[in-house]
Amino acid sequence: MKLLCALFLGLSFLTFSASAADTDVIGIQMQHLQSEYWVEKQKDANQVLLSQTQIKQLNQRTFNQQNELQDLADLPAALSAEDLKAAIEQVSSIPSSDRFYADGTQLTKQHYQPYLENLNITNIRALNPVRFALVTERTHMRRFPSADKAYNQEMDLDIDRFIETGLFPGDALAIYHQSKDGQWLLARAYHYLAWLPASSVAIGTKEQVLGYGQKTPFMVVTGAKVFTNHNPEVVQLSEKQLDMGVRLPLLSNQDVNHRLYGQNPYASYAVELPFREANGSLSFKPALISRNQDLHQGYLPFTPANIIRQGFKFLGERYGWGHDFNARDCTGFVSEVYRTFGILMPRNSGEQGKGQYGQNIRFDKNSSAQDKLSALNKLQVGDLIYIPGHVVMYLGEEHGQPYVIHDVHGMAYVDKQGNFYQGGLNGVSVTPLLPMRLSQSTSYVDRIYTIKTIR
């Protein structure tokens, strides 16, 4: 494709007209909001880009290359006091930037003191056994063992700076430590270390926890969200939300004796879910998910068509920093799309963008405009484009312009008349790449530092 070079020639705007759709989003027509419009543009839309064997090999290389990722099976049986204190300090240090409560109160050392006391440092022993758990309900990992929310100086109440990431039922955890009040656990997921509510996990043996994600056959949640059937007998399993990418062991109708919680399972999928017993221990129970919901047996084939269709299943979902608002942010969006193919990534955008996995084109302050233009001309569907603090996913081109889908908070561009416009997207959105700006003087393209191809 031939990209316009206006951004690189110092012009103040691109020749995008106002959208024919009733929107202030530049360069958008209604057909751009339909997944099949972009699928039909692909010559080899159903070509398998990586087999499941190749994906397993890719994941192994990623874990070997990325220090942020941890194979939980390789953890020691116990952590020394020194190692545990280092882990807590890594997560729960006082931020270097000012933080504020929603009422505008600035946090002082006195405000942080209860959080620091709840870290339970005084209860650290010489050797601290590592326990294992499965997540039993959608939950959040947080900077401190507290549900309190804090914001930066701009007081954007959509972005809680104490939230770190989200976890979903079936996610495996290593448990390092418990808070002083007993309500929070310091936990290590494969891609993150932070605090989460003790009530959202069930403690089991290492074999139970790590074996759950290896069971076959299995289903993968391929919708943005699916829900178990109503269950009048076991409330914990009733209408439970399962987000895209969740893997669930599949049971047969015979396994549940052709009747489960008063329902014949033949028109549903019978799956096995982790269950939190009254004492917090782990067990497993069957649940039903009706066949009208969006699941796939095994991982989806990794094809351009499926990349596009999976991304569009989130279209319009509200932006949720750290998976807040029962949603997700930019890296959560791309991670969960790729997770439906069995591909695992680091959590944060910097870890993804600077990571060695995949095929990477790097840019720095010495990269020329032509370097970036040449790379953008060769984008493939699903390529991930990183700017500081953000990632977008390439969809295809329209009249020589690259279009992307991304989970994005703000929006700015220079219009046809040369006026700088600031609005908001605050959700999963399709946009052209070139007009998008971080400020009046800086475009997305100016700040691209990596283009990553997962192949």
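The rules behind these values
Residues numbered from 1 in each chain as written. Predicted model: local features only at pLDDT ≥ 70, side-chain atom pairs only at ≥ 80, totals over all residues. Heavy atoms only, no water. Pairing = 2+ DSSP bridges. Helix = DSSP H or I, 4+ residues; strand = E, 2+ residues; numbered from the N terminus. Axes fitted to C-alpha atoms, helices over the stretch in contact; angles between N-to-C directions. Buried < 20%, exposed > 50% of the residue type's maximum accessible area, 1.4 Å probe, protein only. Contact = heavy atoms within 4.5 Å. Core = buried A, V, L, I, M, F, W, Y, C linked by side-chain atoms within 4.5 Å. pLDDT = per-residue confidence, 0-100. Parallel < 35°, antiparallel > 145°, perpendicular 65-115°, else oblique. Left-handed = near helix turned anticlockwise from the far one by under 90°. Nonpolar A, V, L, I, M, F, W, Y, C, P; charged D, E, K, R; others polar.

A. Molecular detail of the sheet that holds strand β13 (residues 247–251). The sheet built from five strands is open, its strands ordered β15-β14-β13-β10-β16 with antiparallel pairing. Looking at strand neighbours, the two that pair on one side only are β15 (282–290) and β16 (295–297), the edges of this open sheet. Averaged over all pairs of adjacent strands, the angle between their axes in this sheet comes to 40°, without regard to strand direction. Where β13 meets strand β14 (residues 268–276), two bridges bridge the pair, whose relative direction is antiparallel. The residue bridging L250 from the neighbouring strand is V271, located in β14.

B. Spotlight on the pairing of strand β18 (residues 384–387). Judged by which residues are buried, β18 turns out to be covered on both faces: L384 and Y386 on one side and I385 and I387 on the other are all buried. By the bridge criterion, four bridges tie β18 to strand β19 (residues 390–398) in an arrangement that is antiparallel. Pairing of Y386 across the sheet is with V391, part of β19. Hairpin connection between β18 and β19: a loop of two residues separates the two successive antiparallel strands, and G389 in this loop has a positive phi of roughly 80°. With three bridges connecting them, β18 and strand β22 (residues 450–453) associate as antiparallel partners. Within the sheet, the bridge partner assigned to Y386 lies in β22 and is T450.

C. Examining helix α7 (residues 330–339) more closely. Most of α7 is tucked away, with ten of its ten residues classed as buried. For α7, the full list of buried residues reads C330, T331, G332, F333, V334, S335, E336, V337, Y338 and R339. Buried residues belonging to α7 abut α6 (304–312), α8 (349–354), β18, β19, β20 (401–414) and β21 (420–432).

D. Just the nonpolar core, in detail. Counting residues in each nonpolar core, the largest one holds 60 residues, and the members touching the most others are F302, Y338, F341 and M393. Setting aside its immediate chain neighbours within four residues, F302 contacts Q47, V48, L49, L50, I55, I307, Y338, F341, I343, I454 and R455. If you look at the next biggest cluster of nonpolar residues, it comprises 59 residues, including L72, L75, L173 and V234.

E. The confidence of the model for the protein chain, seen in detail. Summing up the model confidence of the protein chain, the mean pLDDT is 94 and the portion of residues at 70 or higher is 95%. Here residues 1–18 is a poorly scored stretch, pLDDT under 50, and it has 50 contacts once near neighbours within four places are set aside; other chains count.

F. Structural view of the packing of α6 against α7. In contact at an axis separation of 9 Å, α6 and α7 are set at 130° when each is read in the N-to-C sense. Taken together, the axis directions place α6 and α7 in an arrangement best described as oblique. Along this stretch, α6 crosses α7, giving a crossing that reads as right-handed. Across the interface between the two elements, I307, Q310 and G311 from α6 touch F333, V337 and Y338 from α7. Tallied by class, the residues present in the contact of α6 with α7 amount to four nonpolar, two polar and no charged.

G. The sheet that holds strand β17 (residues 359–362), seen in detail. Taken in spatial order, the six strands of this open sheet run β17-β22-β18-β19-β20-β21, and their pairing is antiparallel. Of all the strands in the sheet, the pair left with one neighbour each is β17 and β21. Taking the axes of each pair of neighbouring strands and ignoring which way they run, one obtains an average angle of 35° across the sheet. Of the pairings in the sheet, the one linking β20 to β21 comprises eleven bridges and is antiparallel in character. Bridge pairing in β21 places G410 opposite G424. Across the sheet, α7 lies against β18, β19, β20 and β21, angled at about 65° from β19, the strand it touches most.

H. Representation of the environment of F302 in the model. Structurally, F302 can be placed in the loop between β16 and α6. For the pair F302 and Q65, spaced 237 residues apart in sequence, the C-alpha separation works out to 22 Å.

I. The side chain of N306, seen in detail. Along the chain, the position of N306 falls in helix α6. Given the relative accessible area of 15%, N306 is considered buried. Every residue in contact with N306, bar those within four places of it in the chain, is listed here: L300, P301 and F341.

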